[in-house]
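In case you want the letters, here they are:
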Amino acid sequence: QVQLVESGGGLVQAGGSLRLSCTASGRTFSSYNMAWFRQAPGKEREFVAAITGNGGNTYYPDSVKGRFTISRDNAKNTVYLQMNSLKPEDTAVYYCAADYRWGYSRWQYDYWGQGTQVTVSS
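These notes cover the structure that comes with them. Here the structure is a predicted model, which is why all the values come from computation and not from measurement. (Residues numbered from 1 in each chain as written. Predicted model: local features only at pLDDT ≥ 70, side-chain atom pairs only at ≥ 80, totals over all residues. Heavy atoms only, no water.)

## Some words on the sheet that holds strand S1 (residues 4-7)
As a reminder of what qualifies: Should DSSP find at least two bridges between two strands, the strands are regarded as paired. To qualify as a helix, a DSSP run of H or I must reach at least 4 residues; to qualify as a strand, a run of E must reach at least 2; elements of each kind are numbered from the N terminus. To obtain an axis, a line is fitted to C-alpha atoms, over the contacting stretch when the element is a helix, and the angle between two such axes runs from 0 to 180 degrees between their N-to-C directions.
In spatial order, the strands read S1-S3-S8-S7; together these four strands make up an open sheet with antiparallel pairing. Because the sheet does not close on itself, it has two edges, and the strands there are S1 and strand S7 (68-73). Averaged over all neighbouring strand pairs, the angle between strand axes comes to 15 degrees, with direction disregarded.

What follows is the structure, encoded as structure tokens:
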């Protein structure tokens, strides 16, 4: 099992940047593929970014490609989400997730953090 704790959310103006962090417990962090999802009020939880266990591959949906960057530091058991050029529509609770499987569906991830709020003002 792995426990995940997100941090770094907050309020930012449109066009600004934030970096989210997600720190995992356990000694097998590098075995997990990691992902970020987000959920806005009244909407489905949607995929934002994913990275393989060794950090060699990443994937983004078109909505954030070129603006968001996922990375990880396995020595620190931490995955990051650098968010640039933020838009009001990026406002949501952001969750990190972990699983041995690789994928973009929320149903594939067994382990979740508690979420961190990101609010982008116009």
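From this point, the discussion proceeds with the structure in view.
## Considering the state of the cysteines
Going by this rule: Disulfides are defined as cysteine sulfur pairs within 2.5 Å. Exposed residues in this analysis have more than 50% of their type's maximum accessible area, buried residues have under 20%, and partly exposed residues fall in between, with area computed by a 1.4 Å probe over protein chains only.
Summed over the entire model, instances satisfying the criterion amount to one disulfide. Here cysteine 22 engages in a disulfide with cysteine 96; their sulfurs sit 1.9 Å apart. When the S-S torsion is 45 degrees, as for the bridge of cysteine 22 with cysteine 96, the disulfide is right-handed. One end of the pair, cysteine 22, is in strand S3 (residues 18-24); the other, cysteine 96, is in strand S9 (residues 92-99), and 74 residues separate them in sequence. For cysteine 96, a relative accessible area of 0% gives the class buried.

## Things to note about the packing of aromatic side chains
For the record, the criterion: In summary, the pairing rule links any two rings of Phe, Tyr or Trp, Trp by its six-membered ring, whose centres are within 6.5 Å, and it sorts them by plane angle into stacked for under 30 degrees, edge-to-face for over 60 and tilted for everything else. Here, a charge over a ring means that NZ of Lys or CZ of Arg falls within 6 Å of the ring centre while also lying within 35 degrees of the ring normal.
Per the stated rule, a full pass over the model turns up 10 aromatic pairs. Centre to centre, the rings of tyrosine 32 and tyrosine 111 are 6.0 Å apart; their planes meet at 90 degrees, and the pair counts as edge-to-face. In this pair, tyrosine 32 is assigned in the loop between S3 and strand S4 (33-39) and tyrosine 111 in strand S10 (residues 111-112), connecting sequence segments 79 residues apart. Note on tyrosine 95 and tryptophan 112: the rings are 6.4 Å apart at their centroids and 80 degrees apart in plane angle, and the pair reads as edge-to-face. Of this pair, tyrosine 95 sits in strand S9 while tryptophan 112 is found in strand S10, placing the two residues 17 residues apart along the sequence. A relative accessible area of 14% means that tyrosine 95 is categorised as buried. Judged by relative accessible area, tryptophan 112 falls into the partly exposed class, the value being 26%. Here the aromatic residues Phe37, Phe47, Tyr59, Tyr95, Trp102, Tyr104, Tyr109 and Trp112 are joined through ring pairs into a cluster of three or more. One residue, arginine 45, lies across the ring of tryptophan 112, its end atom 4.9 Å from the ring centre. Lying over the aromatic face of phenylalanine 29, arginine 72 brings its terminal NZ or CZ to 4.4 Å of the ring centre.

## Section: unusual backbone geometry
With a phi angle near 55 degrees, asparagine 77 is a residue other than glycine that sits in the positive phi range. Structurally, asparagine 77 is set in the loop between S7 and strand S8 (78-83). Positive phi is not limited to glycine here, since serine 85 has a value of about 50 degrees. Its place among the elements puts serine 85 in the loop between S8 and S9. Note on serine 85: relative accessible area 40%, which makes it partly exposed.

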